[in-house]
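# Breakdown of the fold
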Amino acid sequence: QGAGFVDTVMVSHVGGVGAVAVAAQLSNLLGGTAFGINGGINIFSAQFYGARDWTSLKKCFGFQLLMNLLNFFVFFSAAQLFGHRILHFYSSGDATIMATAWEYLRIVCWGYLFTSIIMAYTFMYRAIHKTKVPMYIGISVNVINITLNYLLIFGHLGLPRMGVAGAALATVISNGCGAAAHILYAAITKQPFLGSLRELTGWDRVFLPPIIHRMIPLIVNETLFGFGTTMYVKAYSLLG
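What comes next concerns the included structure. (Residues numbered from 1 in each chain as written. Predicted model: local features only at pLDDT ≥ 70, side-chain atom pairs only at ≥ 80, totals over all residues. Heavy atoms only, no water.)

A word on the state of the cysteines. Tallied over the full model, the rule gives zero disulfides. C177 takes part in no disulfide bond, and the closest cysteine sulfur, belonging to C109, lies 18 Å away. Take C177: its relative accessible area is 36%, and that puts it in the partly exposed class. (Disulfide = S-S within 2.5 Å. Buried < 20%, exposed > 50% of the residue type's maximum accessible area, 1.4 Å probe, protein only.)

Here you go:
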C-alpha cells in the first residue's frame, strides 16, 4: 500500500496521478485478498506458536506461502491477460489515462510476486510476536522506493528519465529487496516457522480443513471490501 501511495504522489510531477491511481487498483485488490488469506491462517499460527507446536507452525507457513503464490498467479495473470479491460473499467475508457496506466501496470505486476512473499512473512511475524521485524523492513522498502522513484522518474545521476515506467520499476525493485530481506533474516536467525520442504508441506486431511473453513469467509470479506474501495476511483473517473 505504501509503495502505491508513494508512486501516486511522486508521479504528480510528470502528470501521471490519474493513471497510476487507476493501475494501482489491481494491487489494492491483491492486498485485500492476501489479507484474508494470511489473516485466516494466522488464527491457527498464533495458537500453534503459543503451544510451541513447531511442526504445525511450519505447516501453516508452508500453506501460507502456497496460498500467497497462488494469489500472485491469479492477479499477475489478470494483469497480463485482462489488464486493458480492467484499466478501461476504472478509467471509463479515457485513452490517455489507459495508455499511461498500462505503461505502469505491465511493469509493476511483476512485483506482485515479491509483495505476496512479503505478506506471508509479515503476517507470520505477527503470529510469533515479532512485529518490529516487518516494520523495519517495511520502512526500508519505502525509503528505497522513494529514492529509486526520484532517480528513475526524473532521470537523475545519469539514469534515464522513465516517468511513470520508472515509478513502476522502482516499486518492483524495492519490493524485491524487501522480500530478499525477509527471506535472509528468517534464515539467518533460524525462525521457528522455517523448515524443509517436507516439513512445510506435510499437510493431511485433518490439518487443512479447519484452516480453510476459517480462511474462506475472510477472503470473501476482504476481497469485497477491497473492491468496494476501488469503486471510488471508478466514481472519480466518471466525474472526470
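By size, the foremost hydrophobic cluster in this structure holds 30 residues, and its most contacted members are I41 and F193. Looking at this core, the elements that each hand over two or more residues are α2 (17-50), α3 (54-91), α5 (112-127), α6 (132-154), α7 (164-188) and α9 (208-239). When residues in this core are grouped by element, the largest group, seven residues, is from α5. Among residues more than four places away in sequence, those in contact with F193 are L57, K58, F61, Y121, M124, Y125, I128, A186 and L200. Of all hydrophobic cores here, the second largest spans 28 residues; its members include V22, A23, Y112 and F154. (Core = buried A, V, L, I, M, F, W, Y, C linked by side-chain atoms within 4.5 Å. Helix = DSSP H or I, 4+ residues; strand = E, 2+ residues; numbered from the N terminus. Contact = heavy atoms within 4.5 Å.)

Further remarks concern unusual backbone geometry. In this structure, R52 is a non-glycine residue whose phi angle is positive, near 55 degrees. Tracing the backbone through its elements, the reader meets R52 in the loop between α2 and α3. Looking at R52, the relative accessible area reads 47%, which means it is partly exposed.

We now examine the side chain of K59. Tracing the chain through its elements places K59 in helix α3. Buried and unpaired, K59 has D204 as its nearest opposite-charge partner, separated by 4.5 Å. (Lys, Arg positive; Asp, Glu negative; His and termini not counted. Salt bridge = Lys/Arg side-chain N within 4 Å of Asp/Glu carboxyl O.)

Moving on, we come to the packing of aromatic side chains. All told, the structure shown has 14 aromatic pairs when counted by the stated rule. For the ring pair F61 and Y121, a centre distance of 5.0 Å and an interplane angle of 75 degrees mean the geometry is edge-to-face. Of this pair, F61 sits in helix α3 while Y121 sits in helix α5, and the two are 60 residues apart along the sequence. Aromatic pair F63 and W203: ring centres 5.8 Å apart, planes at 75 degrees, arrangement edge-to-face. In this pair, F63 is assigned in helix α3 and W203 in the loop between α8 (197-200) and α9, connecting sequence segments 140 residues apart. Following the ring pairs from residue to residue traces out a cluster consisting of F61, Y121, Y125, Y185 and F193. (Phe/Tyr/Trp six-rings, centres within 6.5 Å; stacked < 30°, edge-to-face > 60°.)

The next thing to look at is the pattern of salt bridges. As enumerated under the stated definition, the model contains one salt bridge in all. With a closest N to O distance of 3.6 Å, E199 and K58 form a salt bridge. Of this pair, E199 sits in helix α8 while K58 is found in helix α3, placing the two residues 141 residues apart along the sequence. The class of E199 is partly exposed, set by a relative accessible area of 37%.

What follows is about the environment of M67. As for its placement among the helices and strands, M67 is situated in helix α3. Between the C-alpha atom of M67 and that of N38, which follows or precedes it by 29 residues, the distance is 8.5 Å. Other than its neighbours up to four places away in sequence, M67 contacts I37, I41 and M215.

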